[in-house]
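Chain and residue survey
Letter by letter, the chains look like this.
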Amino acid sequence: MPSLTGAPIQIIASLLAVLAFAATMWLWPRMGGRSWRAWLGRLGAFFGTQIAVLAAMGLVANSYFGFYSTWSDLLGLDGSPGTVVDHQPGGKAVSVTGEQKMYSSQGAAQDRSGVIQKVEIHGERSGLTGTPAYVYLPPQYFQPAYAGTKFPMLLALSGYPGTPEKLISLLQYPASTLKAIEAKEMPPTVLVMMRPTLVANRDTECMDVPGGPQAETFFTEDLPKAMSASYRVDDRPEARAVIGDSTGGYCAVKFAVRKPDSYRAAIALSGYYEVHNDPTTGDLFGGSAELKQDNDLLWRLQNKPAPPVSLLLATSNNEENYPATQQMVAAFKAPTRLSTITLDTGGHNFHTWTREIPPALTWLGSRLPQPQPAPAS
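Predicted model, so just to flag it, every value in this text is computed and none were measured.

Looking at the overall build of the chain
When helices and strands are counted, the chain shows 11 helices and nine strands. For the chain, long-range pairs separated by at least 24 residues make up 72% of all intrachain contacts whose partners lie at least 6 apart in sequence.

A look at helix 7 (residues 247-258)
Its 12 residues place the ends of helix 7 16 Å apart at the C-alpha level, agreeing with the 16 Å of an ideal helix rising 1.5 Å per residue. Of all the 12 residues making up helix 7, 12 are buried; the element is thus mostly covered by neighbouring parts of the structure. All buried positions along helix 7 are accounted for by Thr247, Gly248, Gly249, Tyr250, Cys251, Ala252, Val253, Lys254, Phe255, Ala256, Val257 and Arg258.

Focus: the state of the cysteines
Under the criterion given, the structure shown has one disulfide. A sulfur-sulfur separation of 2.1 Å characterises the disulfide bridge that pairs Cys206 with Cys251. In this structure, the disulfide formed by Cys206 and Cys251 twists by about 95° around the S-S bond and is classed as right-handed. Taken as a pair, Cys206 in the loop between strand 5 (190-194) and helix 6 (215-230) and Cys251 in helix 7 lie far apart in primary sequence, 45 residues in all. For the pair Cys206 and Cys251, a shared accessibility class is recorded, and that class is buried.

Comments concerning helix 10 (residues 322-331)
Among all positions of helix 10, only Thr325, Met328 and Ala331 are buried. Viewed along the axis of helix 10, the buried residues span an arc of 125°, placing them on a single side of the element. Residues Pro323 and Ala330 are exposed on helix 10 and point more than 90 degrees away from its buried face. In this structure, the buried side of helix 10 is in contact with helix 7, helix 9 (297-303), strand 8 (310-316) and strand 9 (337-343).

Details of the side chain of Ser310
Here Ser310 is to be found in strand 8. Accessibility expressed as a relative area gives 5% for Ser310, which makes it buried. A polar contact is formed between the side chain of Ser310 and the side chain of Arg337, at a distance of 3.1 Å. Sequence-distant contacts of Ser310, defined by excluding residues within four places in its chain, comprise Arg264, Ala265, Ala266, Arg337, Trp363 and Arg367.

Looking at unusual backbone geometry
For residues besides glycine, phi is generally negative; the peptide bonds are generally trans as well. Residue Pro132 follows Thr131 across a cis peptide bond; omega there is -5°. Within the secondary structure, Pro132 sits in strand 3 (residues 129-137). At Lys184, a position not held by glycine, the phi torsion is positive, near 60°. Tracing the sequence through the fold places Lys184 in the loop between helix 5 (173-182) and strand 5.

With respect to the pattern of salt bridges
Two side chains of opposite charge can pair, provided their charged atoms sit close to one another. By the definition in use, this model includes 10 salt bridges. One salt bridge connects Lys225 with Glu124, and the closest N-O pair in it is separated by 2.8 Å. Within this pair, whereas Lys225 is found in helix 6, its partner Glu124 is found in the loop between strand 2 (113-122) and strand 3, the two being separated by 101 residues in sequence. On the basis of relative accessible area, Lys225 is assigned to the partly exposed category, the value being 49%. Classification of Glu124 as exposed rests on a relative accessible area of 59%. With a shortest N-O distance of 3.7 Å, Arg236 and Glu238 are connected by a salt bridge.

Examining the environment of Ala38
Within the secondary structure layout, Ala38 lies in helix 2 (residues 36-65). Judged by relative accessible area, Ala38 falls into the buried class, the value being 7%. Here the alpha-carbon distance between Ala38 and Trp28, two residues 10 residues apart in the chain, equals 9.6 Å.

A short note on the packing of helix 6 against helix 7
With their axes 11 Å apart at the nearest point, helix 6 and helix 7 run at an angle of 65° to one another. In terms of orientation, helix 6 and helix 7 fall into the roughly perpendicular class. Between helix 6 and helix 7 lies a crossing of right-handed hand. In this structure, helix 6 contributes Glu216, Phe219 and Thr220 to the contact, and helix 7 contributes Lys254, Phe255 and Arg258. Residues belonging to the contact of helix 6 with helix 7 are distributed by class as follows: two nonpolar, one polar and three charged.

So, the pairing of strand 7 (residues 265-269)
Among the five residues of strand 7, five are classified as buried, and the element is accordingly described as predominantly covered. Residues of strand 7 alternate between two faces, with Ala265, Ile267 and Leu269 on one and Ala266 and Ala268 on the opposite face, all of them buried. Here five bridges tie strand 6 (residues 240-245) to strand 7, and the two strands are oriented parallel to one another. Residue pairing for strand 7: Gly244 is matched across the bridge by Ala268.

As for a nonpolar patch on the surface
A contiguous nonpolar surface patch, about 800 Å² in accessible area, is contributed by Trp28, Trp36, Leu40, Leu43, Phe46, Phe47 and Ile51. Tracing the backbone shows Trp28 in the loop between helix 1 (7-27) and helix 2.

Observations concerning the side chain of Lys254
Inspection of the secondary structure puts Lys254 in helix 7. There is a polar contact of 3.3 Å between the side chain of Lys254 and the backbone oxygen of Cys206. Setting aside chain neighbours within four positions, we find Lys254 in contact with Glu205, Cys206, Met207, Glu216, Lys259, Asn295 and Leu297.

Here's the deal with the packing of aromatic side chains
Using the criterion set out here, one finds eight aromatic pairs in the structure. Arranged with centres 5.5 Å apart and planes meeting at 80°, the rings of Phe350 and Trp353 form a pair that is edge-to-face. Separated by three residues within a single helix, Phe350 and Trp353 lie in helix 11 (residues 350-365), roughly one turn from each other. We note that Phe350, like Trp353, is buried. Feature note: the residues Tyr141, Phe142, Tyr146 and Phe151 constitute an aromatic cluster, connected by ring pairs. Its end group placed over the ring of Tyr141, Arg232 keeps NZ or CZ at 4.1 Å from the ring centre.

What counts and what doesn't
- Residues numbered from 1 in each chain as written.
- Predicted model: local features only at pLDDT ≥ 70, side-chain atom pairs only at ≥ 80, totals over all residues.
- Heavy atoms only, no water.
- Helix = DSSP H or I, 4+ residues; strand = E, 2+ residues; numbered from the N terminus.
- Contact = heavy atoms within 4.5 Å.
- Expected span 1.5 Å × (residues − 1).
- Buried < 20%, exposed > 50% of the residue type's maximum accessible area, 1.4 Å probe, protein only.
- Disulfide = S-S within 2.5 Å.
- Arc of directions from axis to C-beta.
- Polar contact = N/O pair within 3.5 Å; in protein donor to acceptor, adjacent residues only side chain to side chain.
- Salt bridge = Lys/Arg side-chain N within 4 Å of Asp/Glu carboxyl O.
- Axes fitted to C-alpha atoms, helices over the stretch in contact; angles between N-to-C directions.
- Parallel < 35°, antiparallel > 145°, perpendicular 65-115°, else oblique.
- Left-handed = near helix turned anticlockwise from the far one by under 90°.
- Nonpolar A, V, L, I, M, F, W, Y, C, P; charged D, E, K, R; others polar.
- Pairing = 2+ DSSP bridges.
- Patch = residues over 30% accessible without salt bridge, like charges linked within 9 Å, V, L, I, M, F, W, Y side chains within 5 Å.
- Areas by Shrake-Rupley, 256 points an atom, 1.4 Å probe, with all protein chains shown as cover.
- Phe/Tyr/Trp six-rings, centres within 6.5 Å; stacked < 30°, edge-to-face > 60°.
- Lys NZ or Arg CZ within 6 Å of the ring centre and 35° of its normal.

As structure tokens, then:
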């Protein structure tokens, strides 16, 4: 079966829609009359053309926005709550399943190659596995001068439902990160790209769900541990940051505010600041009003001790999250540091986020430690 997000199925669906329209125009005069056969013919042609056009538009929109990555995801067949996997000591925390090179335009030819690896990240404490996930290793990671150097880490999260592939192709995180590194606006950084959900088509909002998936534990404990065990990644919290759009933005700020020993900097692009149960989430709180409140980020800034983290909230004057973002700005206290990006216009979409990512990475560059190469002999 062709890929749900691939170009071939979009081309086929578009051609079928054009053919259906052309056939309807050609046959319409031949289906005149008032007989029931003529009425059925006209109705069949009309609705057939509409279905073909809507299917083609839906496939193109799905590929662009990354709503559903597979047919089983679309049809709701991946509805299992996930399986807890027990791992033995010494098991690999990160399994590499694919790799492609990504080249820089700077430096000597042998020093220009970075790598994007497709990986599975196994959570020791949560028992969850992050897959598919992608790790971008910048050219400096492979250069002899940095052979013994540890690098800062940036976790990039998509929205829900979304795919990590769109973080590469549409939001262009590796390309934007490399450009910022080359411009010396950002230190050489290892980039991890994932969805915010780890259990098929359930939106966990990155929570440790009572009696359910422990998503927050995976992202705040398992993932940093796995990355520092498998790559030369600095294991200090000040060397870790997280960025995300929409649901991923909520998760990013939550990780920093609730677990500052995991991430000391967070960036939310069109993020929101509280969550509610809905059909995609199921019961997130186990009936606990206290747990719901504890995951309300505005309430935490207003009522909890201020964490020593840096937050960047991106919005626009006509975005739905603009009023809540202004409330976050009014609520934060030192030692929390809070910055904003406010566009004149912008919606909840990839085009808006691609405008916000470059300045966000520049902002982050002054908050991550600079990895130091070995002194020249």
